[in-house]
Amino acid sequence: MRSRRDGKERPRPYSLRVVDAGEDAGDEEGTLARRALFSFLEILALTGFAITQPLLEVFGRAPDRFLLRDANPADIVVFALVVALAPAAALWVVEWLVWAAGERARRITHALILGLLTAILVLQVVRRSDTVSGVALVLLAIAIGAAFVAACQRWRPMRTWLALASGATVLYLGVFFFTSPTAALLSDEQVAIADVGTIRDPRPVVILQFDEWPLASIMNDAGELDADLYPNLAALAADGTWYRNATTVATFTSHAVPAILTGRYPREEAVPTVSAYPENLFTAFGGQYDVEAQEMVTRLCPGATCTRTNNGGDTGLTSLLSDARQAFGVMVSPDTTRVFNPATTSSDDVNLGLDGTAELRLESVDRMLSSITSGEGPTVHYLHLLLPHMSYRFLPSGQAYEGQVVVLGGGDPLGSEITRSSDPVAAKIAEQRLILQAQFADRVVGQVVARLEETGLYDDAVIAVLADHGVGFVPGQYTRAIPEGPAGESLYPDLLYVPMVLKGPGLTAGEVSDTNAETIDVFPTIAEMVGLDLPWDVDGIALTSQSRPTNDKQFHIVTVEAAVGEANSLGPRLSFDGDVFGPRVSEHGLDTVLYGDNPEFRSYNVSEAGELVGRPVQELITGAPSPWQATRDAPERLDDYRPTNGIVPARLTGRVTGPGPAERPTIAIALNGRVAAVVETHTMGDIPHRIEAMLVPELIVPGANDVAFYVVEGPDGARTLHPLTIG
């Protein structure tokens, strides 16, 4: 207060001063320890609001992510503690490092930290409302953050409340550890092995469980399994039975796989662990069989029966924290189109090279092969492999190629995991990439069969090869969600019908069966083949002795949420008439993607002019230069190809522009004088003529590759290639 001439005090004009909550009203300096404690508590409170609670809520609803990462209870506990404490500790350390420059500098830094965390919180809250985005959202968050800091400086009770609110971090951890779905992974997984009586015919049991593999991708328009593209699956079918009318009972892995292993329809939201599904194939066989199980996103095999081994790939705490970083980046992004769902197997980052392929856990194939040994006792060999699941990164040979990781929210030009591109050409190229990767899955089938033959186990073995569900390729429609009405029904052939081949006693070798089979039939069928009497009821039937009276099929839609913080949900059981939708599978089959007039290069023949693939350009008719100009992305991949990096540059992207006609041109891409791909252009965003082509890998040479583009005109037998300028 300042004195007036009349002797009365008058108030000083208000000025902002950075004040610590740790300062007493009567002791402006406060003790150093008290200031340090209160500054940490304030930061902890706001990191709790802005970071800890949102992340623990998201990951608490996504036990699938922890299963995918092979996380043990210690990993989960440490993950939660790091998320809860590390951000606050790091910011607090920064603040006190600044203290070396003086107390005022530290206080300013503290105020900036509080403002930043408040802005981050505002970003998340307003972003979810979907009312403001972009620069406006950032400016709003900054303004509210600044206002909050100013209020804290003016009103001491707000600072006191903030310090007390730091205790909420304990609450967030408690909810995560004790009430969230992920909490189920912290409990004891020991479940008693079932008393099933004596297994009368204890044969080797081998189950290859593939993921996201539609039946249409292996079947031609005549309804035949394509033996040229899938020789190993066809050979197995010749020794067993191909169930051409097999369908899944759930559209998401965490429900579809437990249904297969229990023989029951999904009944409730449950974490896919043995404690939730104690009556399953592993507990039924575990008393009299050895069990070698490679589970990817489930834990249905009891720990006492199956030794937990790291399945390879991106696993453990480091990968979980990377997932948390990705999720948080989406949470605070002003771009409201970005999404991240930790319950999926996709990554939010767009990566090249081998990044993103580690989640496929290809090491588990070698582990399964090595577990099959001559003279072994009765053993169940189970492998769930995330093939040919997106992202599509592998050629039939098993070589990886460079490509974008499919992301939730539209990061892949050919359509995101939520929706397929509305352009039919883009959807076709995406399906071609699935077929190439499915041929790699067929190669795995061949490796397992060869190992069984090598060890003398094949003839007696009970073998099941199937997929948990399919994936949609209808342009403009969802890939895994099924809306109501005709749009949803258009997805049934791709999403619900899956490959399923069984071999064993009681089946007719080489039979193509159109009986009403569902994936829940695999377990009871295997049980009957080996003479195991199940001590509990199942919904599935033993296909060796039973059949359903009608072709009515049942399944559950699992809603896959893209938004951060939203959990996937199991919908009610639905039914449909297989007599109506079964015949439509061939309408979505191989022959709608690949043309048959170039057998040697059929997997790369996706255009009406695809008969040119593999032909030397000098043998073809060339015409006047085209007015179109081609631009290719990342030209260095083919200009300086080095095989030692493990990546084949077999995927070429780019665009064509110029004064050409408005209709789409057909583009031939030649490598070193031979046509390596022929594709139509497609639209992507504001790019009217995008190029996406899978190149014949045998035509790629080490070092510099000569790349040429041509516009293809004329009918079959009279094609003319018009060279393009490459920009």
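Here the structure is a predicted model, which is why all the values come from computation and not from measurement.

Enquirer: Honestly, the overall build of the protein in this entry has me stumped. Any pointers?
Expert: Helix and strand counts for the protein stand at 18 helices and 25 strands. Across the 727 residues of the protein, 58% fall into the buried class. In the protein, 74% of the contacts between residues at least 6 apart in sequence involve partners at least 24 apart.

Enquirer: Hey, could you run me through the pattern of salt bridges in this one?
Expert: Pairing between side chains of opposite charge can happen when their charged atoms approach one another. Per the counting criterion, the structure on display carries 29 salt bridges. Between E95 and R106 there is a salt bridge, with its nearest N and O atoms 2.5 Å apart. One end of the pair, E95, is in helix α3 (residues 73-98); the other, R106, is in helix α4 (residues 103-129), with eleven residues separating them in the sequence. Summarising the burial analysis for this pair, E95 and R106 share the class buried. One salt bridge in this structure joins R651 and E692, with 2.5 Å as the shortest N-O distance. Here R651, found in strand β18 (residues 651-657), pairs with E692, found in strand β22 (residues 687-694); they are 41 residues apart in sequence, far enough to count as distant. Residues R651 and E692 agree in their burial class; the two are buried. Bridged by salt links that share partners, the residues R35, E95, E103, R106 and R107 form one connected network.

Enquirer: Sorry, what's going on with the sheet that holds β22 here?
Expert: Across a sheet, paired strands are connected by hydrogen bonds in the backbone, their directions being either parallel or antiparallel. Strand order in the open sheet formed by five strands is β21-β22-β18-β16-β25, and the pairing between neighbours is mixed. One side of each edge strand has no neighbouring strand; the edge strands of this open sheet are β21 (682-684) and β25 (725-726). With two bridges connecting them, β21 and β22 associate as antiparallel partners. Its bridge partner being in β22, M684 is matched across the sheet by I687.

Enquirer: I'm lost on the packing of aromatic side chains in this one. Help?
Expert: For any pair of aromatic rings, geometry is given as the distance between the ring centres together with the angle between the planes. For the structure on display, the rule yields 20 aromatic pairs. Ring pairing ties together the aromatic residues F59, F66, F79, F176 and F177, which thus form one cluster. Just above the ring of W96 sits the side chain of R106; from NZ or CZ to the centre is 4.5 Å. Lying over the aromatic face of W242, R244 brings its terminal NZ or CZ to 6.0 Å of the ring centre.

Enquirer: Hey, could you run me through the nonpolar core in this one?
Expert: Within the largest apolar cluster, 107 residues are counted, with the highest numbers of intra-cluster contacts made by F210, W213, Y230, I669 and F709. By residue number, the principal contributor to this core is helix α13 (residues 424-454), which donates 13 residues. In this structure, I669 is in contact with L652, R674, V675, A676, A677, I691, A693, L695, V707, A708 and F709, ignoring residues within four places of it in sequence. L44, I51, F66 and L67 belong to the second-largest nonpolar core, a separate cluster that totals 47 residues.

Enquirer: Just to check I follow, could you spell out the environment of R719 for this structure?
Expert: Inspection of the secondary structure puts R719 in the loop between β23 (707-713) and β24 (720-723). Remark: the alpha-carbon pair of R719 and L612, spanning 107 residues in sequence, is separated by 8.7 Å. Setting aside its immediate chain neighbours within four residues, R719 contacts E608, A609, E611, L612, I621, V712, E713 and G714. Looking at R719, its side chain comes within polar contact range of the main-chain oxygen of G714, at 2.8 Å.

Enquirer: For this particular structure, what's the right way to read the pairing of strand β19 (residues 666-671)?
Expert: Here is the key point about a regular strand: its side chains alternate between the two faces of the sheet. Judged by how many residues are buried, β19 sits mostly within the fold: six of six residues are covered. Alternating positions in β19 separate into two faces, T666, A668 and A670 on one and I667, I669 and L671 on the other, with burial throughout. Bridge count between β19 and strand β20 (residues 674-680): six bridges; the pairing is antiparallel. Bridging from a neighbouring strand, I669 pairs with A677 of β20. Here β19 folds back onto β20 in antiparallel fashion, the turn holding two residues, of which N672 has a positive phi close to 55°. Summarising the sheet, β19 and β23 pair through six bridges and their orientation is antiparallel. Among the inter-strand pairings, I669 is bridged to a residue of β23, identified as F709.

Enquirer: Looking at this structure, how should I read a nonpolar patch on the surface?
Expert: A contiguous nonpolar patch, built from V135, V138, L139 and I142 and spanning about 360 Å² of accessible area, is present on the exposed surface. Looking at I142, the relative accessible area reads 47%, which means it is partly exposed.

Enquirer: Even after reading the chapter, I still don't get the packing of helix α1 (residues 32-60) against α4, so can you show me in this structure?
Expert: The geometry of a pair of packed helices is captured by two quantities: the angle between their axes and the separation between those axes. For the pair α1 and α4, interaxial distance at closest approach is 11 Å and the crossing angle is 20°. Accordingly, the angle class assigned to the pair α1 and α4 is roughly parallel. Classified by chirality, the crossing of α4 by α1 is left-handed. Of the residues in α4, those in contact with R35, S39, E42, I43, L46, T47, F49, A50, I51, P54 and E57 of α1 are E103, R106, H110, I113, L114, L117, T118, I120, L121, Q124 and R128. Residues belonging to the contact of α1 with α4 are distributed by class as follows: eleven nonpolar, five polar and six charged.

Enquirer: I would appreciate a short explanation of the environment of D494 in the present structure.
Expert: Positionally, D494 belongs in helix α15 (residues 492-495). Measuring from C-alpha to C-alpha, the distance between D494 and T479 comes to 8.9 Å, with 15 residues separating the pair along the chain. Among residues more than four places away in sequence, those in contact with D494 are P214, A216, G470, V471, G472, F473, V474 and H588. Separated by 3.1 Å, the side chain of D494 and the backbone nitrogen of F473 make a polar contact.

Enquirer: Whenever I open this one, the confidence of the model for the protein confuses me. Can you help?
Expert: Atom-level detail of predicted coordinates should not be read off regions where pLDDT is low. Averaged over every residue, the pLDDT of the protein is 86; residues scoring 70 or more account for 87%. Long-range and interchain partners of residues 1-5, a stretch whose pLDDT sits below 50, account for 13 contacts in this model, where long-range means more than four residues apart. When the criterion is pLDDT under 50, residues 405-416 qualifies, and its contacts beyond four places in sequence or with other chains add up to 54 contacts.

Quick notes on the rules
- Residues numbered from 1 in each chain as written.
- Predicted model: local features only at pLDDT ≥ 70, side-chain atom pairs only at ≥ 80, totals over all residues.
- Heavy atoms only, no water.
- Helix = DSSP H or I, 4+ residues; strand = E, 2+ residues; numbered from the N terminus.
- Buried < 20%, exposed > 50% of the residue type's maximum accessible area, 1.4 Å probe, protein only.
- Contact = heavy atoms within 4.5 Å.
- Salt bridge = Lys/Arg side-chain N within 4 Å of Asp/Glu carboxyl O.
- Pairing = 2+ DSSP bridges.
- Phe/Tyr/Trp six-rings, centres within 6.5 Å; stacked < 30°, edge-to-face > 60°.
- Lys NZ or Arg CZ within 6 Å of the ring centre and 35° of its normal.
- Core = buried A, V, L, I, M, F, W, Y, C linked by side-chain atoms within 4.5 Å.
- Polar contact = N/O pair within 3.5 Å; in protein donor to acceptor, adjacent residues only side chain to side chain.
- Patch = residues over 30% accessible without salt bridge, like charges linked within 9 Å, V, L, I, M, F, W, Y side chains within 5 Å.
- Areas by Shrake-Rupley, 256 points an atom, 1.4 Å probe, with all protein chains shown as cover.
- Axes fitted to C-alpha atoms, helices over the stretch in contact; angles between N-to-C directions.
- Parallel < 35°, antiparallel > 145°, perpendicular 65-115°, else oblique.
- Left-handed = near helix turned anticlockwise from the far one by under 90°.
- Nonpolar A, V, L, I, M, F, W, Y, C, P; charged D, E, K, R; others polar.
- pLDDT = per-residue confidence, 0-100.

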